[in-house]
Amino acid sequence: EGLACYEDNITTAYQRGGYDSAMRYIEGLAVWQNPDSTECHVIMHALGRAAYETIGDPREALRTMTPSCAGGCRHGIREAYTIEHGEDRAVEPADLIAACEVNSDPQFEWECYHGLGHALSMSLTNEYFDALALCDTLGQEIPRERCYYGVFMEQAYSYDRGYHGVKKYLYPEG
């Protein structure tokens, strides 16, 4: 229950005052003191979803986010994209792959391709062989392996319907 409240509050802060307002909100929380915590990561997923829903373009949304809280914000952006387009399997892997190319920082690329694996798995309703096949379309070995890691991690946690705070999007019936 506490995380849902934080997610709602950071979303509201973003909607009212943008990224800086949302960051001021999270910096005031105790979870910020441990930016590697699961709670911080999940809250930042909510910020990423809000950013994508406002901006509407994964590349532009990714340009505005920092890697804080283990890339939670960036994961949330890809997550929102896949939730929006994944129901009919209308996700364009090329869109998500291109979004990973907006920044050549190694940490950004690691988080981005890892998050891509999560997003592909989610958009394909955890049909992980299909998600891995899309990871295979990445030209280089390192991005491909990072993508695989995201797919496998999503599979490992898919038993928990509340994982990453997306239960309300993927399972609206509860």
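Residues numbered from 1 in each chain as written. Predicted model: local features only at pLDDT ≥ 70, side-chain atom pairs only at ≥ 80, totals over all residues. Heavy atoms only, no water.

What follows is about the overall build of the protein chain. Each helix and strand counted, the protein chain has nine helices and zero strands in total. Counting helices and strands in the order they occur from the N terminus, the protein chain gives α-α-α-α-α-α-α-α-α. Carbon and sulfur atoms make up 48% of the accessible area of the protein chain, which amounts to about 8,600 Å² in all. (Helix = DSSP H or I, 4+ residues; strand = E, 2+ residues; numbered from the N terminus. Areas by Shrake-Rupley, 256 points an atom, 1.4 Å probe, with all protein chains shown as cover.)

With respect to the helices, strands and loops of the structure, Gln15 is situated in helix α1 (residues 2-27). Along the primary structure Gln15 and Ala50 are separated by 35 residues, whereas in three dimensions their C-alpha atoms are 7.5 Å apart.

So, on to the state of the cysteines. Inspection of every chain in the model, using the stated rule, returns one disulfide. The side chain of Cys135 participates in a disulfide bridge whose partner is Cys147; the two sulfur atoms lie 2.0 Å from each other. Every disulfide takes its handedness from the sign of the S-S torsion; for Cys135 and Cys147 that torsion is -65°, giving left-handed. Of this pair, Cys135 sits in helix α7 (residues 128-135) while Cys147 sits in helix α8 (residues 141-157); the two residues are 12 residues apart in sequence, bridging distant segments of the chain. Taken individually, Cys135 and Cys147 each receive the classification buried, so the pair is uniform in this respect. (Disulfide = S-S within 2.5 Å. Buried < 20%, exposed > 50% of the residue type's maximum accessible area, 1.4 Å probe, protein only.)

What the rule picks out here adds up to four salt bridges. One salt bridge connects Glu60 with Arg63, and the closest N-O pair in it is separated by 3.0 Å. Separated by three residues within a single helix, Glu60 and Arg63 lie in helix α3 (residues 58-63), roughly one turn from each other. (Salt bridge = Lys/Arg side-chain N within 4 Å of Asp/Glu carboxyl O.)

The next thing to look at is the nonpolar core. Ile10, Tyr14, Ile26, Met44, Leu47 and Leu116 are the most contacted members of the largest nonpolar core, which has 39 residues in total. Secondary structure elements with two or more residues in this core: α1, α2 (38-55), α3, α4 (68-86), α5 (93-99), α6 (106-123), α7 and α8. Top contributing element to this core by residue count: α2, with eight residues. Every residue in contact with Leu47, bar those within four places of it in the chain, is listed here: Ile10, Tyr14, Tyr19, Ala22, Met23 and Cys73. (Core = buried A, V, L, I, M, F, W, Y, C linked by side-chain atoms within 4.5 Å. Contact = heavy atoms within 4.5 Å.)

In this section: the packing of aromatic side chains. Centre-to-centre distance and the angle between the planes together describe a pair of aromatic rings. Going through the model one piece at a time under the given rule, you end up with three aromatic pairs. Plain terms: the ring middles of Tyr52 and Tyr81 are 6.0 Å apart, the flat faces sit at 80° to each other, and that makes the pair edge-to-face. Of this pair, Tyr52 sits in helix α2 while Tyr81 is found in helix α4, placing the two residues 29 residues apart along the sequence. Side by side, Tyr52 and Tyr81 carry an identical accessibility label, which is buried. (Phe/Tyr/Trp six-rings, centres within 6.5 Å; stacked < 30°, edge-to-face > 60°.)

Attention now moves to a nonpolar patch on the surface. Taken together, the side chains of Tyr128, Phe129 and Phe152 make up a nonpolar region of the molecular surface, amounting to roughly 340 Å² of accessible area. In this structure, Phe129 sits in helix α7. Classification of Phe129 as exposed rests on a relative accessible area of 62%. (Patch = residues over 30% accessible without salt bridge, like charges linked within 9 Å, V, L, I, M, F, W, Y side chains within 5 Å.)

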